[in-house]
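# Report on the structure
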Amino acid sequence: MRFTAAAAAVAVTSIAAASAFSAIKRSSSRSSAKHQHFSVPNELLESTTCECKDELVLAVQLALEAGKNMTKHYDSKGTADENMGDLQINTKMNDADFATAIDVENENYISNEILKKFPGHAIIGEESTGTGTIPPLTNEPTWIIDPIDGTTNFASGLPLSCVSIGFCRDGKPYMGVVFAPMTNELYIGVQGHGAYRNGIQLLGCSGEKATKTLSHSVVNFEFGYARDEEDVEKMALAVKRLLQHGVRTTRTLGSGVLDLCYVACGRMDVVYTGIAAEGWNPWDYCAGLVIAVESGCTMSHLSPSEMDKAGYDFNLYSKNMICGVNSKVVDECRSCVLGL
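Reference entry: report on the structure contained in this document.

Attention now goes to the nonpolar core. If you look at the biggest cluster of nonpolar residues, it comprises 58 residues, and the most contacted ones within it are Val178, Leu242, Tyr272, Met299, Met321, Cys323 and Cys333. What cysteine 323 contacts, discounting residues up to four positions off in sequence, is Leu260, Val263, Asp269, Val270, Val271, Ala292, Cys297, Thr298, Met299 and Val330. In this structure, Trp143, Leu186, Ile188 and Val190 belong to the second largest nonpolar core, which totals 36 residues.

Structure below.
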C-alpha cells in the first residue's frame, strides 16, 4: 500500500491530537487527584491530641469557598469579560496599599460563618481593622484572617495570592490554613501535628533543608508599602549586601503568607521583613507561622534584640521577622542584611 505525504501528514496530525488528548486526560486526572486532597488529612481527624478539629474543618471549608470567590476576576483578567470596576478598589495608607470588594466580601463571609459556629470566639481581620489599631491578642480563642493576601497580585491577575486563616489558643498560634486558588494548593498546619500541602505532609528539617547555607539559598523579601527615601535606601542596601555576599538568587513574590508557605516546603530558603517600614502584621504571620514551624523551619525576629522569641513564642505584632529552612541560614541572613 502506498503511504503518501498527505496520508503521512494526517497520520502525524492524528498522533499529535491523540497525544494532546492523552495529556489533557492526564492533567485532568492530576487535577482531580489534587481536589481529593482539599480536606483535612485523616491523621489530624483521627488524632487524640489535636484540639481544634472542628475549627480546622471549618477553616478549610471557608478558605476553599473564599478562594472560589476570587476565580471570577482571575479568569476574566485581560479578556473582554474583564471589569475592573467590579473590584471597587479602595486605598488605605497610600496608592500601593489598597483593598478590593472581594477582600471585604471574603472577610465578611469568613467572619460570619465562624461566629455562627463559634459565637464566643474573637476575630482579628485585616479589612475590619483597616488603618486603625489592631486589637490585642488575648488568651481567648481567636481567629486571625487575611481574606486575600497578595491583593496587588490578585487585582493585577498575577496568580500568587491566597486566603489565610489562622487560629490561636492561649494567646499563641495553634492552627493555620492557607489556600492559593490559582496554584490549586491547600496548606494546613496544626501545632505539634505537622504541616501538609494538598494532604501530603511536608518534610521536616532534614537532608538538604538541614544543611542549606546562605550562599546556596533562594532569599525572599517584600518591599511592602515603604516609599520614602530613607526606607528605600535601607531596603536596597540589605539587598546589595546579600548580592555581594553571594546567594543563589533573590525573589519578591508579593504575598507574605505564601512566602512562609514556600519556605516551609523548600521552594525558597529564607524570607525576611522589617528592614524599614515594610514590616508585616499578625494576619501576614499567623497561619504561615504554624505551617513553617511544623515543617521544621526556624522563625524568629530579624532584630537581634528580639531573636530569642522564636517559633510559637514569636510576637505576631512585631514589625520584623526572619524565617528559614534551618537556624544556621537564619543567623547568616540576619547578619548579612543588617551588616552585623
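On we go from here.
With that settled, the discussion passes to the sheet that holds strand β4 (residues 142–149). The pairing of strands in a sheet happens through backbone hydrogen bonds and is either parallel or antiparallel. Overall, mixed pairing links the 7 strands, which are arranged β3-β4-β5-β6-β7-β8-β9 in an open sheet. Edge positions in the sheet fall to β3 (122–125) and β9 (200–201), since each has one partner strand and no second. Pairing geometry for β3 and β4, over 4 bridges, is parallel. If you follow alanine 122 over to β4, its bridge partner there is threonine 142. Seen against the sheet, helix α3 (residues 53–76) touches β4, β5 (162–169), β6 (172–180) and β7 (185–190) and runs at an angle of roughly 35° to β6. Each of β3, β4 and β5 is contacted by helix α4 (residues 101–117), which is oriented at about 155° to β4, the strand it contacts most.

With that out of the way, let us pick up the pattern of salt bridges. Per the counting criterion, the structure on display carries 10 salt bridges. As a salt-bridge pair, aspartate 269 and lysine 212 come within 3.8 Å of each other at their nearest N and O atoms. Remark: lysine 212 occurs in the loop between α7 (208–211) and β10 (218–221) and aspartate 269 occurs in the loop between α9 (256–264) and β12 (270–273); sequence separation between them is 57 residues. As far as the burial class goes, aspartate 269 and lysine 212 line up, both buried. Sharing partners across several salt bridges, the network here consists of Glu208, Lys212 and Asp269.

This brings us to the packing of aromatic side chains. Under the definition given, this model contains 8 aromatic pairs. A centroid spacing of 5.3 Å and a plane angle of 80° characterise the contact between phenylalanine 38 and phenylalanine 179, whose relative ring orientation is edge-to-face. In this pair, phenylalanine 38 sits in the loop between α1 (5–36) and α2 (42–45) while phenylalanine 179 sits in strand β6, placing the two residues 141 residues apart along the sequence. Just as phenylalanine 38 is buried, phenylalanine 179 falls in that class too. Seen from their ring centres, phenylalanine 118 and tryptophan 143 are 6.1 Å apart, and the 35° between their planes marks the pair as tilted. Pair noted here: phenylalanine 118 is in the loop between α4 and β3 and tryptophan 143 is in strand β4, with a separation of 25 residues, a long-range link. The class of phenylalanine 118 is buried, set by a relative accessible area of 13%.

Criteria and thresholds
Residues numbered from 1 in each chain as written. Predicted model: local features only at pLDDT ≥ 70, side-chain atom pairs only at ≥ 80, totals over all residues. Heavy atoms only, no water. Core = buried A, V, L, I, M, F, W, Y, C linked by side-chain atoms within 4.5 Å. Buried < 20%, exposed > 50% of the residue type's maximum accessible area, 1.4 Å probe, protein only. Contact = heavy atoms within 4.5 Å. Pairing = 2+ DSSP bridges. Helix = DSSP H or I, 4+ residues; strand = E, 2+ residues; numbered from the N terminus. Axes fitted to C-alpha atoms, helices over the stretch in contact; angles between N-to-C directions. Salt bridge = Lys/Arg side-chain N within 4 Å of Asp/Glu carboxyl O. Phe/Tyr/Trp six-rings, centres within 6.5 Å; stacked < 30°, edge-to-face > 60°.

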